[in-house]
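One-letter residues, chain by chain:
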Amino acid sequence: MFFSLIAIAAVIALFVIVSRQQNRIALVERELGVLRGLVQSGASLSAPKAADATQEGLPEEAKAAVAPAARSADGAAEEIAAKPEAAEEAAAAAGPWTKAQAPAAQSAGPSKPAQPVSATETPGAEPPAPAKAARQSDVETALGTRWAVWVGGIALALGGLFLIRYTIEAGIFGPGVRLTMAGVLGLVLIGGAEFIRRTGFKVPVQGAAGAYIPAILTGAGAFILFGTVYAAHGIYGFIGPATAFVLLGAIGVATIGASLLHGMALAGIGLVGAMVTPALVASQAPNPWALFVYLAIVLAATAAIARIRDWRALVAAAFAGTGIWTILYMVDAPDVNLAAVLFIGLATLAVLAFVWLGLFLVTGRDDAARGFDWPSIVPGFFIALSALGLSVDPAFASAGDALHGAVLLAALVAVALYRPRALPLVFAAGIATVLIYLGIIPPATIGANALDVGLDAQPLASSDTLTFRIGIALGLIFLAAGFWAARRFAATASLRAACWAAWGVIAPLTVLTALWLTFGDIDRDLGYALPALLLVLAFAAGGEWIARAEEPPLTGGPAVSFALGGAGVAGLLMLHMAFGSGWTTVLLGAAAVVPALATRWRSYPVLGWVAVGAAVAVLARVAFDPTIVGAAFLSRTPVFNWLLPGYGVPALASGFAAWQLARTTNGRPRLAMEAASALFALLTIAMLVRHAMHGGVIDTGTVTLAEQAIYTLIALGAGAMLVAIDMRSPSSVLRYGSMAAGVISAGLIAVQHFVVLNPLLTDESTGTIPVFNLLFLAYLLPAIAAGALALYVRDKRPRWYAAMLALIASLLAFAYATLSVRRLFKGEFIALWSGLGQLETYTYSALWLVIGVALLTAGVWLKSQVLRIGSAVLIAVAVLKVFLFDMSELEGVLRALSFIGLGAVLIGIGLFYQRLLTRAARKG
């Protein structure tokens, strides 16, 4: 029923289309008549006359289309007269009914010069056609030139299959006759397509290139032939697997070849049929060689045709089909033939290198262009996946088949070298190599056994002697190929050179690290330190070699940056492999000096970042082990222990590197090294303090108020030092670093000194000495330091920063005075839960008023609004305490004295401000 409705609708649509096309045919005939007359006479017609002559007797909907042709007749006549063959081409494109008129156009001879065209008759100035007519024309064109053709082609293909089905169900003919009829139908369609192409459809109808009738008929015929051969084999068994395989493959390849005449859509049909053929033909004893030889032939034919027409999507699909068959064979075959897998991988690369990217087929293209060929991604992915499976899958790797995977990886690199546009291949080979050799690392070595990496906490890939040797070979291949290609493209394609240099560094470093963690001693192994040292020298020499090929030379582009960056990483690995924990940290810190000194001879930007990398590596080490040598081996001698060189040497080396970089390359690396120097200096002092205060143990125990006070003093002192250095040698790192030190100090004071470690809350002992006790260290000294820093930075840093420090100093001084009163009354332990006495309560009020007056005096003297506001706040707090607390808690003379003192102070402050304002008014 459904197909009947489709048939009825198609008949109606075709009837309407044919009737509507008559007017369009008449229009075309009259346009060509006008052009023929112009060519024969050699005279040009004015636009109005041409329009009138053209529009006589035409339907209204066609007049708008004739006017533009008439107005452009002068230019057309001149062009056609100059090129008589254009008339023949136009006639051929219009249809067979105009071919007889072409000779007349050829014999017309040169035309007379065209008359000038007035401003109102500008050629090509087409009047806008009505929107309704345009929409009708679009729908009509779509129905007549595209939909009808496609539906007709699909109907023919399905009709052939339905005919075979009907004859089977009805039993009208025998199987042989039915299959013969279907085959004849497919051949007739292909022959009819060729007949139509040769007799008038050499060029698709304008606007209908996607519905070229000969291509549709050829595709339908190929579809029917595929079904016929498959039925002869799979349903009736008339032909054996080998014959069916050959016939189906031949039909697919022939269809792909016919696409040179009929377009890429037909090539896609042939490719799909060719790739599906192995799945349609069943065999009791499948031969992998037959499969892969067949796939290689199909791939080569498809690539050759795609190269001629530059059909990138087609060749990518062919590579994908071949790769999918290879992976399916490796996964499902009970006994995989590794030689066949290796053959199809190498054959794929050969097709890519010599057919698809072959120079002999390239017209007007530079094989060494800066871009890359995106279809190369597909074979790179599947071949790298095959190599990964051969190296990682225990079924292959245990039998030593990883060698085949290594051959495929090396072949990827070789083809990428031979065909520079196949750059994705080196990425595929590099990623596969990295994954393979990261997979051989035992999880326990890197502390990942708790994550159940692999099967029963086993490595993902096998680690044996063959893997070891293959790793060395692959590392050398990537190193040599990467640096050679990087030098080759350094002057012309810097991005491509950088890609090659990157893989020339990444792959060898990954292989060396994996082999060290798998086969070596991770604590100390000179056997691996020597290859790491050789890599350092090779990368450094290779970077210099590449830099000399740059244009201009020795600029230190991306490829050189990768090479020298790899040398830095290899150097860090070498130090880890050759030395123990303590010396590794010290030497890593000192290593920052080497690239900084190298900037005296080469101004490569990467050298400064290599120095920064060394500082980052030291930070990572001390974060992992703050004791430098391990808690068990750290001496308890104050100051002179591993902490001093472990933190001090990186501080000095970073400072020297910053100094050196400031005189050569400058830039951000210099700022980073300045920050690293300041940070390591602070860490040195802080860790030595902690070591001394905890008896040589720094990895256990909680931080006390005394220790925290020392850290705070160090941070404030560091802020002052950074400001002083910045004033002599301005630097944004020093500027913002100094303010960061002050802000961190303020935060530590607010949290640690006032809340977390406050003796009022922790009941920590304040010491037995009356003045020089914990309160002096934790509150008075930081108050003096913060106040001094606030004065020092008043004109050197933003106002808010100086105000913050002044406020912190005031709060610390207030806390020291208040807690000292508490200690005077309570002794060594001053926790809040010990209660308050009446005299102590009164003393607080008097003290706060005295401090408030002192702050007011200092604020006026120093012209500091912050201190004056702090004074006002403190006096306000004292007022509230007197009225809300002292009134209920104090008795007798103390209550009276509290109010008398408060009143006297407030009146004195009032008189002071009145006098101050009066003096200001007199001066004004």
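Conventions used here
Residues numbered from 1 in each chain as written. Predicted model: local features only at pLDDT ≥ 70, side-chain atom pairs only at ≥ 80, totals over all residues. Heavy atoms only, no water. Helix = DSSP H or I, 4+ residues; strand = E, 2+ residues; numbered from the N terminus. Buried < 20%, exposed > 50% of the residue type's maximum accessible area, 1.4 Å probe, protein only. Areas by Shrake-Rupley, 256 points an atom, 1.4 Å probe, with all protein chains shown as cover. Axes fitted to C-alpha atoms, helices over the stretch in contact; angles between N-to-C directions. Parallel < 35°, antiparallel > 145°, perpendicular 65-115°, else oblique. Left-handed = near helix turned anticlockwise from the far one by under 90°. Nonpolar A, V, L, I, M, F, W, Y, C, P; charged D, E, K, R; others polar. Phe/Tyr/Trp six-rings, centres within 6.5 Å; stacked < 30°, edge-to-face > 60°. Lys NZ or Arg CZ within 6 Å of the ring centre and 35° of its normal. pLDDT = per-residue confidence, 0-100. Contact = heavy atoms within 4.5 Å. Core = buried A, V, L, I, M, F, W, Y, C linked by side-chain atoms within 4.5 Å. Salt bridge = Lys/Arg side-chain N within 4 Å of Asp/Glu carboxyl O.

**Quick word on the overall build of the protein**
Thought 1: Secondary structure summary: the protein contains 35 helices and zero strands in total.
Thought 2: Each of the 924 residues in the protein was classed as buried or not, and the buried ones make up 43%.
Thought 3: Split by element, the accessible area of the protein, about 45200 Å² in all, is 69% carbon and sulfur.

**So, the packing of helix 31 (residues 774-792) against helix 32 (residues 799-826)**
Each packed pair of helices is defined by two parameters, the angle between the axes and the distance between the axes.
Thought 1: Contact pair helix 31 / helix 32: the axes reach a minimum separation of 8 Å and the direction vectors enclose 155°. Taken together, the axes of helix 31 and helix 32 are roughly antiparallel relative to one another. Every pair of crossing elements has a handedness; the one defined by helix 31 and helix 32 is left-handed.
Thought 2: Here the residues of the contact of helix 31 with helix 32 are counted per class, giving 21 nonpolar, two polar and one charged.

**Observations concerning the packing of aromatic side chains**
Thought 1: The tally for this structure, following the rule as stated, stands at 13 aromatic pairs.
Thought 2: Taking 5.4 Å as the distance between ring centres and 50° as the angle between the ring planes, the aromatic pair formed by F814 and W848 counts as tilted. Taken together, the residues F814 in helix 32 and W848 in helix 33 (residues 838-862) connect sequence positions 34 residues apart.
Thought 3: Stacked on the ring of W356, the Lys or Arg R307 has its end atom at 4.6 Å from the ring centre.
Thought 4: Across from the ring centre of Y792, 4.4 Å away, lies the NZ or CZ of K796, which sits over that ring.

**Quick notes on the confidence of the model for the protein**
Thought 1: Of the residues in the protein, 63% have a pLDDT of 70 or more, and the chain-wide mean is 74.
Thought 2: This model gives residues 1-22 a pLDDT under 50, and the stretch forms nine contacts once residues within four places in sequence are excluded.
Thought 3: Contacts for the low-pLDDT stretch residues 201-211, under 50 throughout, to residues beyond four places or in other chains number 19 contacts.

**Points about the environment of V629**
Thought 1: If you trace the backbone, V629 turns up in the loop between helix 25 (605-624) and helix 26 (643-662).
Thought 2: The class of V629 is buried, set by a relative accessible area of 17%.
Thought 3: Spatially, the C-alpha atoms of V629 and W642 are 7.1 Å apart, while their sequence positions differ by 13 residues.
Thought 4: Residue contacts for V629: discarding those within four places in its chain leaves S581, G582, L634 and W642.

**Remarks on the packing of helix 28 (residues 705-728) against helix 29 (residues 732-756)**
Thought 1: Taken N-terminus to C-terminus, the directions of helix 28 and helix 29 make an angle of 160°; their axes are 8 Å apart at the nearest point. What the angle tells us is that helix 28 and helix 29 run roughly antiparallel. Like other packed secondary-structure pairs, helix 28 and helix 29 cross with a definite hand, here left-handed. Residues L705, Q708, A709, T712, A715, L716, G719, L722, V723, I725 and D726 of helix 28 pack against L734, R735, G737, S738, A741, S745, L748, I749, Q752 and H753 of helix 29.
Thought 2: Of the residues belonging to the contact of helix 28 with helix 29, the class tally is 11 nonpolar, eight polar and two charged.

**A closer look at the nonpolar core**
Thought 1: Residues Y437, W500, F539 and M673 are the most contacted members of the largest nonpolar core, which totals 140 residues.
Thought 2: Ranked by the residues each element gives to this core, the list is headed by helix 20 (residues 494-519), at 14 residues.
Thought 3: If we ignore the near neighbours within four places in the chain, the residues touching W500 are V413, A416, L417, L423, V426, A481, G482, A485, A486 and F489.
Thought 4: In terms of nonpolar packing, the next biggest core, distinct from the first, is built from 32 residues, F776, Y779, Y801 and I830 among them.

**Side note on the pattern of salt bridges**
Thought 1: One pass over the structure, following the stated rule, counts eight salt bridges.
Thought 2: Measuring nitrogen to oxygen at the nearest pair gives 3.2 Å for the salt bridge that ties D373 to R312. Of this pair, D373 sits in the loop between helix 14 (338-356) and helix 15 (377-392) while R312 is found in helix 13 (residues 312-332), placing the two residues 61 residues apart along the sequence.
Thought 3: Overall, D373 belongs to the buried group, its relative accessible area being 1%.

**A word on unusual backbone geometry**
Thought 1: Cis geometry marks the peptide bond from E551 to P552, where omega comes out at 0°.
Thought 2: With respect to the helices and strands, P552 occurs in the loop between helix 21 (526-547) and helix 22 (558-578).
Thought 3: Positive phi outside glycine occurs at D310, with the angle close to 60°.
Thought 4: With respect to the element layout, D310 can be found in the loop between helix 12 (288-309) and helix 13.
Thought 5: Despite not being glycine, D763 has its phi angle at roughly 60°, a positive value.
Thought 6: Within the secondary structure, D763 is located in the loop between helix 30 (759-762) and helix 31.
Thought 7: With a relative accessible area of 25%, D763 lands in the partly exposed category.

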